Amino acid sequence: MSEKTISKPWVVFLLVAIVVSACFGLFWQTPEQAVSDEVHAPMLTATAVGNVEPTENDRGRPELNEVDEAQFIADLTQKFASVIEVKHAQIRLLEQLISYLKSRYPEDWEGRVEALLAQMYPDLAAELLAKYQSWSNYNAWLLTERDVLRAMSPAERRDALWAKRFDAFGADAEQIWAAELRNRKIEEALIAVDEMAEGLPEEKLTQFVASVRDALGDKAEPLLATRRTELMDRFLSLDSVQQELRNLPDSTRLASLREIRSGLGMDAQALDRWTALDKRRDELWTTGSNYMEQRQIILAEYTGGEQRRRLQALQTALFAEQSELIQREEQSGFFRFAGERRIGRE
């Protein structure tokens with residue numbers, strides 16, 4: 001190592017931190033992620049929190065590490081203070097606490113869990129420790145059974161996972177995996193709407209919103225308020241909705257899209273912005289359809305350099321400043337106007 005490098009110890013520390021972080025990201029995968037990407041649940045991860053290793057200047061000065069640890073504990077306690085009774089939040093707390101312990105004490109991190117929980121939440125320490133032990137057992141089961149779970153159908157795997165979750169956590173399982181339950185209910189409502197034999201898109205939207213409200217009860221309105229755009233995109237992605245929208249005249253389709261968004265609670269200003277975007281998208285796809293027709297003619301009549309020159313001239317004429325983007329997309333094999341348009345989304 002050169003004298004110049006030695007004179008900058010922060011460079012060495014930065015490289016060490018990068019390597020340590022990369023190793024954690026490379027070798028740690030949560031058991032449920034290893035089993036299936038379909039399961040959305042809180043996971044214990046190995047994201048490094050705090051200093052992984054003290055610097056050369058800190059070695060021999062453990063009081064600095066104690067100060068860092070006290071600050072970490074204080075910050076984490078404050079972060080979860082208002083939600084610590086929520087079962088899902090308890091898992092998140094454990095997730096971050098264990099990430100910290102794994103990074104700071106890789107050799108004996110597990111033996112420190114109980115003491116830190118007692119220090120942070122004396123009244124809840126026993127409950128949190130039991131949650132941690134249940135979570136560890138559940139993850140161990142996932143690792144042991146992952147090949148069996150992968151061989152199951154999605155429905156069989158879901159049933160097996162829920163059976164084990166209730167076995168490990170009892171009734172708390174529904175709170176811990178509340179987001180997954182909500183997503184499943186929304187998905188079931190979307191499937192039911194998509195299978196409706198008849199109905200205009202806005203009529204299907206009304207049925208979808210009613211199904212969400214029935215399924216989620218008092219949790220429906222906050223979800224509808226905070227996830228409008230996501231729900232709109234999922235609803236508009238339904239094959240039956242897309243087919244109905246394609247069959248409508250342009251002006252009627254714009255009105256239908258506006259009603260759909262209004263049905264999800266969007267205000268007048270948001271509706272106006274979306275309508276303006278729909279019109280620009282209509283114009284772009286009309287141009288794109290024209291482009292694809294002329295492109296086919298050029299490909300059929302010209303070759304080599306002349307073909308490339310004419311294609312570039314056509315792209316510039318039709319797409320102006322976006323022509324270079326179109327060219328790069330086509331060079332990579334992507335032709336944005338070749339497929340069927342997803343109305344309301346592009």
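Residues numbered from 1 in each chain as written. Predicted model: local features only at pLDDT ≥ 70, side-chain atom pairs only at ≥ 80, totals over all residues. Heavy atoms only, no water.

**Points about helix 5 (residues 87-104)**
Okay, so step 1: The first and last C-alpha atoms of helix 5 sit 26 Å apart over 18 residues, in line with the 26 Å expected at 1.5 Å per residue.
Okay, so step 2: When you tally the buried positions in helix 5, you get 15 out of 18 residues, the bulk of the element. (Helix = DSSP H or I, 4+ residues; strand = E, 2+ residues; numbered from the N terminus. Expected span 1.5 Å × (residues − 1). Buried < 20%, exposed > 50% of the residue type's maximum accessible area, 1.4 Å probe, protein only.)

**Topic: the confidence of the model for the protein**
Okay, so step 1: The predicted model of the protein has a mean per-residue pLDDT of 81, with 81% of residues at 70 or higher.
Okay, so step 2: The spread of mean pLDDT over the elements of the protein runs between helix 2 (residues 9-27), the lowest at 37, and helix 16 (residues 268-301), the highest at 95.
Okay, so step 3: In the model, residues 1-64 has pLDDT below 50 throughout and makes 78 contacts with residues more than four positions away in sequence or in other chains. (pLDDT = per-residue confidence, 0-100. Contact = heavy atoms within 4.5 Å.)

**Digging into the pattern of salt bridges**
Okay, so step 1: Applying the stated rule across the entire model yields 25 salt bridges.
Okay, so step 2: Between E230 and R227 there is a salt bridge, with its nearest N and O atoms 2.7 Å apart.
Okay, so step 3: E230 gets classed as partly exposed once you look at its relative accessible area, which sits at 34%.
Okay, so step 4: The structure contains a network of salt bridges with shared partners spanning K87, E127, K131 and D172. (Salt bridge = Lys/Arg side-chain N within 4 Å of Asp/Glu carboxyl O.)

**Overview of empty space enclosed by the protein**
The method is simple in principle: a probe with the dimensions of a water molecule rolls over the atoms, and the space it marks as empty is what remains.
Okay, so step 1: Enumeration over the complete set of coordinates arrives at one cavity of 30 Å³ or more.
Okay, so step 2: Size it by volume and the largest cavity reaches roughly 30 Å³.
Okay, so step 3: For the largest cavity, the full set of lining residues is Y291, M292, I326, E329, E330, F334, F335, R336 and F337.
Okay, so step 4: Broken down by secondary-structure element, the contributors of at least two residues to the lining of the largest cavity are helix 16 and helix 18 (323-331).
Okay, so step 5: Ranked by residues supplied to the lining of the largest cavity, first place goes to helix 18 with three residues.
Okay, so step 6: In the lining of the largest cavity, the residues fall into six nonpolar, no polar and three charged. (1 Å grid on protein atoms, 1.4 Å probe; cavity = no way out; pocket = protein on both sides within 12 Å on 5 of 7 lines; lining within 4 Å. Points joined across faces, edges and corners; volume = space filled by probe spheres on them. Nonpolar A, V, L, I, M, F, W, Y, C, P; charged D, E, K, R; others polar.)

**Digging into the packing of aromatic side chains**
Okay, so step 1: Following the criterion strictly, the structure yields 14 aromatic pairs and no others.
Okay, so step 2: When the ring of W135 is compared with that of W177, the centres are 5.6 Å apart and the planes differ by 20 degrees; the resulting orientation is stacked. With a gap of 42 residues between them, W135 in helix 7 (residues 125-151) and W177 in the loop between helix 9 (172-176) and helix 10 (178-194) connect regions that are remote in the sequence. For the pair W135 and W177, one class covers both residues: buried.
Okay, so step 3: Ring geometry for F208 versus F235: centroids 6.1 Å apart, planes at 25 degrees, classification stacked. On the criterion of sequence distance, the pair formed by F208 in helix 11 (residues 201-216) and F235 in helix 13 (residues 228-236) is long-range, its members being 27 residues apart. Both residues of the pair, F208 and F235, count as buried.
Okay, so step 4: Each residue in the set W135, Y138, W141, W162, F166, F169 and W177 is aromatic and connected to the rest through ring pairs, giving one cluster.
Okay, so step 5: Taking NZ or CZ as reference, R112 lies 3.6 Å from the ring centre of Y105, over its face.
Okay, so step 6: Above the ring of W162, the side-chain terminus of R165 is found at 4.7 Å from the ring centroid. (Phe/Tyr/Trp six-rings, centres within 6.5 Å; stacked < 30°, edge-to-face > 60°. Lys NZ or Arg CZ within 6 Å of the ring centre and 35° of its normal.)

**Some remarks on the nonpolar core**
Taken as a class, soluble globular proteins show a tendency for nonpolar side chains to be buried jointly.
Okay, so step 1: Counting 37 residues, the largest nonpolar core has L93, L97, L101, L117, Y121, F169 and W177 as the members making the most contacts within it.
Okay, so step 2: Looking at this core, the elements with two or more residues in it are helix 4 (62-80), helix 5, helix 6 (113-120), helix 7, helix 8 (154-169) and helix 9.
Okay, so step 3: A per-element tally of this core places helix 7 first, with nine residues.
Okay, so step 4: Residues V209, L216, L245 and I343 belong to the second largest nonpolar core, which totals 28 residues. (Core = buried A, V, L, I, M, F, W, Y, C linked by side-chain atoms within 4.5 Å.)

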